[in-house]
Amino acid sequence: MRRVVVTGLGMLCPLGNDVASSWQNALEGHSGVGTITRFDISTFGAKIAGEVKNFDPCQYLPPKEARRFDRFVQFGVAAGIQALNDSGLEIDEELSTRAGCAIGSGIGGLQEISNNYQTWLDRGARRISPFLIPAVIVNMVSGQLSIMRHLRGPNLAYSTACTTGLHSVGEAGWMIKRGDADVMVAGGAEAPICVLGLGGFDNMHALSRRNDDPQAASRPFDRDRDGFVLGEGAGALVLEEYEHAKKRGANIYCELIGYGVSADASHITSPSTDGPARCMKNALRQAGLNPEDIQYLNAHGTSTPVGDANETRAIKEAFGSAAKNLVVNSTKSMTGHLLGGAGGIEAAFTALAIKNQISPPTINIFEQDPDCDLDYCANSARKMSIKYAMKNSFGFGGTNGSLIFGRI
């Protein structure tokens, strides 16, 4: 079976509009959460989110095209271009048929759908944009990026709720392992901070309403967590066949060595312990590792009362006695929850943790929940030895994914 390595990273999120600034802010424990600025929030219970700030899509797309796409497409294309630039790859005619893209979204173009519905109400059906459909469909990030960078290999988009970004990376890795491609750009993008996105989650009572203290609102594993904070952005990884990367002298962040999936098959929103535990075990089995081989785990860790305790139980079920030696981190404490974009960004953070041998902190742990009794790297980054790291994502519909990366 062919080996797969990570040779490029790209991201924009509430912590920054590139990898370097986002990573530095994460290590310093900064929060990207604040009061929502882009629309009237007076009628909403939750008034905070992790917004991407000062983003200019015209840095990555021609202005005319940028205006035609929903914000999630702009984010995803930007992250993909950053990752490809970081990789140093030259996509020539020969490589182009062996290079592909798999960047998905959990929801797609919710803002543009909302905008055009309002246009229909105000101005009639003939004023609905003829560009609406390509502006909002989930596969348009992969489609547009493939056009811009001449990627003629696999062109796919997964949509598995909050596991989208992780599944995209895992499935893209398998394409390389089995020989369908030599290079894949993989990850997730999401732009749910709009009236419909906020309203849907807020009325579900899923969101934190700690409006008077936004930066302390996302607090995974803390006793007083009251829901997740909506976030936006995109994360992308360039995955490359190892010999191909080695031959060209690529900068290798880490190796993708394990990928596990599972279904809860119990409830569309309430998590089970069994599903996530089996998912982690599946990733360990595929990687050929034992639980005690993993040092660091980037958790799903959304800051919901039920979810964080459930993930903790699942980790203990999957890792057994080795769980107490894990350093577990939730970068969502700083970014909020980027839904389908989360897995791509957090996989990139995991790759950086291995490359730099350091765990970012889980901030806002003021009083750790007794039901969440692992080492969550509370409030300060920690230098540590990381040979193998796991990344978890779990989504609505009971869909689970775990990745394992190794130092190289």
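Please refer to the structure placed before this passage.
Residues numbered from 1 in each chain as written. Predicted model: local features only at pLDDT ≥ 70, side-chain atom pairs only at ≥ 80, totals over all residues. Heavy atoms only, no water.

Chemist: How would you sum up the overall build of the chain? Please name residues and give values.
Modeler: When helices and strands are counted, the chain shows 14 helices and 14 strands. Against the compact-globule benchmark of 22 Å for 408 residues, the chain has a radius of gyration of 20 Å, which places it among compact chains. When its C-alpha atoms are laid out on the principal axes, the chain stretches across 65 × 55 × 40 Å. Taking the contacts inside the chain whose residues are at least 6 apart along the sequence as the reference set, 78% of them involve residues at least 24 apart. (Helix = DSSP H or I, 4+ residues; strand = E, 2+ residues; numbered from the N terminus. Rg over C-alpha atoms; globule rule 2.2 N^0.38 Å. Contact = heavy atoms within 4.5 Å.)

Chemist: I'd like a rundown of helix α1 (residues 19-27), residues and numbers included.
Modeler: For α1, the set of buried residues is V19, S22, W23, A26 and L27. Projected down its long axis, α1 shows its buried positions confined to an angular sector of 130°, all on one face. Where the residues of α1 are buried, they touch β1 (4-12), α3 (71-87), α13 (332-335), α14 (342-356) and β11 (358-359). Measuring from the side-chain oxygen of the N-cap residue of α1 to the backbone nitrogen of A20 gives 3.4 Å; that N-cap residue is D18. Remark: G29 follows α1 within two positions and exhibits a positive phi of approximately 75°. (Buried < 20%, exposed > 50% of the residue type's maximum accessible area, 1.4 Å probe, protein only. Arc of directions from axis to C-beta. Polar contact = N/O pair within 3.5 Å; in protein donor to acceptor, adjacent residues only side chain to side chain.)

Chemist: Can you lay out the sheet that holds strand β7 (residues 233-241) for me, pointing to particular residues and giving the numbers?
Modeler: Backbone-to-backbone hydrogen bonds join strands into a sheet, with any given pair of strands oriented parallel or antiparallel. Overall, mixed pairing links the 10 strands, which are arranged β5-β4-β6-β7-β1-β8-β14-β13-β9-β10 in an open sheet. Bordering the open sheet on either side are β5 (155-156) and β10 (327-329), each of which pairs with just one other strand. Sheet topology places strand β9 (residues 296-298) next to β10; 3 bridges connect them, and they run parallel. If you follow Y296 over to β10, its bridge partner there is V327. Its contacts with the sheet place helix α11 (residues 274-287) against β8 (254-263), β9, β13 (388-395) and β14 (399-406), and it is angled at close to 145° to β8. (Pairing = 2+ DSSP bridges. Axes fitted to C-alpha atoms, helices over the stretch in contact; angles between N-to-C directions.)

Chemist: An account of α14 is requested, with residue identities and associated values reported.
Modeler: For α14, which comprises 15 residues, the first-to-last C-alpha distance of 21 Å matches the rise-based estimate of 21 Å (1.5 Å per residue) to within 8%. One or two positions beyond α14, positive phi appears at Q357, with a value near 55°. (Expected span 1.5 Å × (residues − 1).)

Chemist: Describe the pattern of salt bridges, listing the residues and the values that go with them.
Modeler: Enumeration according to the criterion identifies 21 salt bridges in this entry. The salt bridge involving R3 is made with E255; its shortest N-O contact spans 2.9 Å. Here R3, found in the segment before β1, pairs with E255, found in strand β8; they are 252 residues apart in sequence, far enough to count as distant. The class for E255 is buried, based on a relative accessible area of 11%. The salt bridge involving E232 is made with R71; its shortest N-O contact spans 3.2 Å. Pair noted here: E232 is in the loop between α9 (195-203) and β7 and R71 is in helix α3, with a separation of 161 residues, a long-range link. Under the relative-accessibility criterion, R71 is labelled partly exposed at 23%. Three or more residues are tied together by salt bridges with common partners; here these are R38, E51, R71 and E232. (Salt bridge = Lys/Arg side-chain N within 4 Å of Asp/Glu carboxyl O.)

Chemist: Explain the packing of aromatic side chains residue by residue, including any values.
Modeler: Per the stated rule, a full pass over the model turns up 8 aromatic pairs. Through successive ring pairs, a cluster of aromatic residues spans F55, Y60 and F75. (Phe/Tyr/Trp six-rings, centres within 6.5 Å; stacked < 30°, edge-to-face > 60°.)

Chemist: Run through a nonpolar patch on the surface, naming residues and quoting values.
Modeler: A cluster of nonpolar side chains, namely Y117, W120, L121 and I128, defines an oily patch on the protein surface of about 400 Å² accessible area. One can find I128 in the loop between α5 (110-123) and α6 (132-136). The exposure class assigned to I128 is partly exposed, which follows from its relative accessible area of 31%. (Patch = residues over 30% accessible without salt bridge, like charges linked within 9 Å, V, L, I, M, F, W, Y side chains within 5 Å. Areas by Shrake-Rupley, 256 points an atom, 1.4 Å probe, with all protein chains shown as cover.)

Chemist: Quick one: what's the story with the nonpolar core, residue by residue and with numbers?
Modeler: Among the nonpolar cores identified, the biggest contains 46 residues, and V6, L9, L237, L239, F349, L403 and F405 are the most heavily contacted of them. Taken together, the elements giving at least two residues each to this core come down to β1, α1, α8 (164-177), β6 (183-190), β7, β8, α14 and β14. Sort the elements by how many residues they give to this core and α14 lands first, with 9 residues. Excluding anything up to four places from it in sequence, F349 contacts M11, L15, S22, W23, A26, N298, T331 and T335. (Core = buried A, V, L, I, M, F, W, Y, C linked by side-chain atoms within 4.5 Å.)

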